[in-house]
Amino acid sequence: TALQYAKEEGHAECVRVIEEHAAAAAAAEKAAKEAAWVAGAEAREAERAAAEAEAARHAEALLAEEEAEKEERARESKKGKKKKKKSGGGEADNAAPGPSATAALPPPTPPPAPSPPPADAAAIAAADE
């Protein structure tokens, strides 16, 4: 290399200039790497912040949806309570009908009579003769 040749030939000023140039190049390369790392870190931070903001928007949307469903259930519950009040009163609707309701009902129909047992072949043959 040029540095080795300058050292062998005793050119001290050339050695100094070459070493300074190499040191400056190394420093510039190190600074470029650091700048790239900082830029990458800033990009990663921006991506993280964007992902966090998206997650927050998603969470807010889910909470709003859940709140709307809760309000809808509350409205449905109020409607059900109003219907129960209009029908004559809560749990009594599920009870057996009272005497006035049963008096108006027709009597229950009896179950059908059982069909006669099938006749066996010998009985049929005897009846035919």
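Located above this text is the structure these notes cover.
Residues numbered from 1 in each chain as written. Predicted model: local features only at pLDDT ≥ 70, side-chain atom pairs only at ≥ 80, totals over all residues. Heavy atoms only, no water.

Considerations on the overall build of the chain
Working step 1: Helix and strand counts for the chain stand at four helices and zero strands.
Working step 2: Of the regular secondary structure in the chain, the N- to C-terminal order runs α-α-α-α.
Working step 3: Here the chain holds 129 residues, and the buried ones make up 2% of them.
Working step 4: Looking at the chain as shown, the accessible area adds up to about 11,500 Å², and 61% of this sits on carbon and sulfur atoms. (Helix = DSSP H or I, 4+ residues; strand = E, 2+ residues; numbered from the N terminus. Buried < 20%, exposed > 50% of the residue type's maximum accessible area, 1.4 Å probe, protein only. Areas by Shrake-Rupley, 256 points an atom, 1.4 Å probe, with all protein chains shown as cover.)

Some words on a negative patch on the surface
Working step 1: A cluster of like negative charges, contributed by Glu65, Glu66, Glu67, Glu69 and Glu71, occupies part of the molecular surface.
Working step 2: Assignment of secondary structure puts Glu71 in helix α2 (residues 12–87).
Working step 3: Owing to a relative accessible area of 41%, Glu71 belongs among the partly exposed residues under this scheme. (Patch = residues over 30% accessible without salt bridge, like charges linked within 9 Å, V, L, I, M, F, W, Y side chains within 5 Å. Salt bridge = Lys/Arg side-chain N within 4 Å of Asp/Glu carboxyl O. Lys, Arg positive; Asp, Glu negative; His and termini not counted. Charge placed at Lys NZ, Arg CZ, Asp CG, Glu CD.)

Thoughts on the pattern of salt bridges
Working step 1: Evaluated as defined, the whole model comprises six salt bridges.
Working step 2: The shortest N-O distance in the salt bridge between Arg57 and Glu54 comes to 2.8 Å. Taken together, the residues Arg57 and Glu54, both in helix α2 and three residues apart, mark about one turn of the helix.
Working step 3: The exposure class of Glu54 is partly exposed, given its relative accessible area of 45%.
Working step 4: One salt bridge in this structure joins Glu72 and Arg75, with 2.7 Å as the shortest N-O distance. Placement of the pair is Glu72 and Arg75 together in helix α2, with a separation of three residues, close to one helical turn.
Working step 5: Judged by relative accessible area, which is 44%, Arg75 ranks as partly exposed.

Taken by themselves, the reported measurements are silent on function.
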